Amino acid sequence: MKTLKIMLNETYKGLLIAWNYKFETFLQLVMMGVVFIGIGFIIGGGQLSTEKLAYTLVGYSIWLYSSIVISGMCRDLLGEAQAGTLEQIFMSPVPVSLILIGRSFSTLITATINILLFMIVIVWGLEINISVPGRTLVIFVLTMAGLFGFGFVIAGLTLIFKRVGELAGLTANALLFLNGSMLPVEQFPKWLALFAKTLPTTQGIILLRDTLLDMKPLYALWQDGSLILLCSQSIIYFGGGLLVFIWCVRRAKLQGTLGYY
Amino acid sequence: MIEKNVTGMAVEINNLSKSYKKSSGTQFTAVDDINLSVHKGEVFGFLGSNGAGKTTTIKMMCGLVTPTAGRILLNGCDVGLEHGEAMRQIGVVLEGTRNIYWPLTAWQNVMYFGNLKGCSRKDSKERGEALLKELELWDRRNDIIRNFSRGMQQRIAIACALIADPSILILDEPTLGLDVEATQIMKALLKRLAQDYKKTIIITSHQLDVVQELCERVAIMHKGKIIADKNLNELLMLFGQNYYQIKIKGAFNGHRVDELKDFIIKEEDGATLLTGPIESQTKLYSWLDKIREQGMTLISVSPLEPDLEEVFLKLVKNEREIDSHENIKNYA
């Protein structure tokens, strides 16, 4: 109960701070829309095809999550180090990994509000036909778990190396081309497809398309092994990410660089 | 809050060291095998020049830096082994940073830190209200911190540090950057916290007048070692000399006297002020005789209160001289 309260406390604070930046968030929404339409034109060969847009929208939305989580984790930690609040958080009696999970919830909620608004406007404005069955939520949660695990690694590296903002940005942008957001992974060369499938969100995007666009049931995905692969990846990324973060905290405390920025 | 203390000490530091490996491969010792105790309810000053090792020591007390050796007990809780329990004993405001969230209101900050430190919502509300009223910020509780003055922001940071009612308050440069009025308010607040609420307060500061006014005991660090750890009065009398200010009319014509080498000689408004140490009353009278013999007119003689700054500078100077002798010896 106490653990949940501390996580919710962190989530609430994150939402309060995010509300302070609502104008910037609105501008980001506009940018998301413009970039998506641009991608739609490229993929449709100069035309907006609603069928191709639906396909791209699923991948693009997950890429937006990747971008927000990966860059956000790094930027927020450095911002807090600069403000001295990071050291205050580390002086909390509760394990810092719980606080990290609480912060992730706040990022997930704010990102979901933004991306949902973007999707509603795009689906309504461009008359894209897409329905969201309940089972999609399972795939979404698993995809996010893997993504946040990867985010924990970035957060840990930020505590040690500080200047990882560029790397985080590069990684987030590379995912747009590598995780199947724009092009299906099956169209990649074999070696690249193999590598792409190990990245966070790639398997999630494949399965989200399967459930959202091809209406495949979960048991079918379980039977063909693709859901098992997603589950395994998410557990490895989330658990491994947390362990890497905890190791990085220990290392930063040994180096005495925790509050540096 | 659980306190498990058998020694009656708020803080016990035993054989604490911290070394870093430089990029050149050499070892740098920031804190070198120090031992320190702070009694419960004591206001303790922690002094040292920049790079002396005080902030590293404070950060090790807060669990933010892992020591190379030694241990720290806060009300009997080991910082290294019982991090959560040890952190419940302290409230900390670190130097040079905000410590609180500027985009949030005073009330949101206080409530956030209350929850972060494991207080119930009811306790956070009650203590938050009491603290903001005590700090005269209750009427501004719904204002965004960014719009507050530096002094008000510092008071909110202290409120957040105290929200879980820790018995030890650690303040790194609490008056840094504050104007005269805000410094006075801060000093009055810290006195109240010590006297009325019996908090153990540990202050580091470069403003030695603040330390002299507030602290009962002072430790001085130099190059990672504690070079003095004494009651304030003992420390002030450490060099066993009384300071006097002798005011004579007109210019002073005895500048070349060797005994005046430790004196500050200043001319102002047609008079000369001679300020410095005179070890005994006999010596003082002999000085006054010399002034009369020189035909100078005495205006006044006044004893000066011992000054922590003087003691601090002398101690550090002595240590530096010892260091340079050691270096010469090693070189030879």
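Here, every reference points to the structure presented above.
Conventions adopted
Residues numbered from 1 in each chain as written. Chains lettered and ligands numbered in written order. Predicted model: local features only at pLDDT ≥ 70, side-chain atom pairs only at ≥ 80, totals over all residues. Heavy atoms only, no water. Helix = DSSP H or I, 4+ residues; strand = E, 2+ residues; numbered from the N terminus. Buried < 20%, exposed > 50% of the residue type's maximum accessible area, 1.4 Å probe, protein only. Contact = heavy atoms within 4.5 Å. Buried area = accessible area lost by both parts, 1.4 Å probe. Salt bridge = Lys/Arg side-chain N within 4 Å of Asp/Glu carboxyl O. Nonpolar A, V, L, I, M, F, W, Y, C, P; charged D, E, K, R; others polar. Patch = residues over 30% accessible without salt bridge, like charges linked within 9 Å, V, L, I, M, F, W, Y side chains within 5 Å. Areas by Shrake-Rupley, 256 points an atom, 1.4 Å probe, with all protein chains shown as cover. 1 Å grid on protein atoms, 1.4 Å probe; cavity = no way out; pocket = protein on both sides within 12 Å on 5 of 7 lines; lining within 4 Å. Points joined across faces, edges and corners; volume = space filled by probe spheres on them. Axes fitted to C-alpha atoms, helices over the stretch in contact; angles between N-to-C directions. Parallel < 35°, antiparallel > 145°, perpendicular 65-115°, else oblique. Left-handed = near helix turned anticlockwise from the far one by under 90°.

Time to look at the environment of Leu126(A). All names here are of chain A. Within the secondary structure, Leu126 is located in the loop between helix 5 (96-125) and helix 6 (136-161). Note on Leu126: relative accessible area 22%, which makes it partly exposed. A C-alpha to C-alpha distance of 8.8 Å links Leu126 and Leu53, two positions 73 residues apart in sequence. With sequence-adjacent residues up to four places away left out, Leu126 is seen in contact with Phe36, Ile37, Leu48, Thr50, Leu53 and Val121.

This brings us to the interface of chain A and chain B. With 29 residues of chain A at the interface, the matching set in chain B holds 34 residues. Between chain A and chain B the total buried area reaches about 2800 Å² when both faces are included, carbon and sulfur atoms providing 57% of it. Together, Gln88(A), Met91(A) and Pro93(A) form the three largest contributors to the area buried by chain A at its contact with chain B, with a combined 24%. Joining chain A to chain B, the criterion identifies one salt bridge. The shortest N-O distance in the salt bridge between Glu87(A) and Lys59(B) comes to 2.8 Å. Every element with two or more residues in the side of chain A that touches chain B is listed here: helix 1 (2-20), helix 3 (50-83), helix 4 (85-90) and helix 11 (226-255) of chain A. Among the elements that take part in the side of chain A that touches chain B, helix 1 of chain A stands out by supplying nine residues, more than any other. Across the side of chain A that touches chain B, the residue classes break down as 13 nonpolar, nine polar and seven charged.

Let us look at a nonpolar patch on the surface. A surface patch of nonpolar side chains, amounting to about 500 Å² of accessible area, comprises Phe23(A), Phe26(A), Leu27(A), Val30(A) and Val34(A). With respect to the helices and strands, Leu27(A) occurs in helix 2 (residues 22-43).

A separate point is the layout of surface pockets. All names here are of chain A. When its volume is computed, the largest pocket comes out at roughly 1500 Å³. In terms of lining residues, the largest pocket is bounded by 48 residues, among which Ala18, Tyr21, Arg75, Asp76 and Thr110 are the most central. Elements with a minimum of two residues in the lining of the largest pocket: helix 1, helix 2, helix 3 and helix 5. Among the elements that make up the lining of the largest pocket, the one with the highest residue count is helix 3 (14 residues). Classifying every residue of the lining of the largest pocket by side-chain character gives 25 nonpolar, 13 polar and 10 charged.

This paragraph deals with the packing of helix 3 (residues 106-116) of chain B against helix 4 (residues 121-134) of chain B. All names here are of chain B. Relative orientation of the contacting elements helix 3 and helix 4 amounts to 135°, with a least axis distance of 9 Å. With respect to helix 4, the axis of helix 3 lies oblique. Where helix 3 crosses over helix 4, the handedness of that crossing is right-handed. Residue-level inspection shows Trp107, Val110, Met111, Gly114 and Asn115 of helix 3 in contact with helix 4, the latter providing Arg121, Ser124, Lys125, Gly128, Glu129 and Leu132. Tallied by class, the residues present in the contact of helix 3 with helix 4 amount to four nonpolar, four polar and three charged.

Function-wise, these values are silent; they only describe arrangement.
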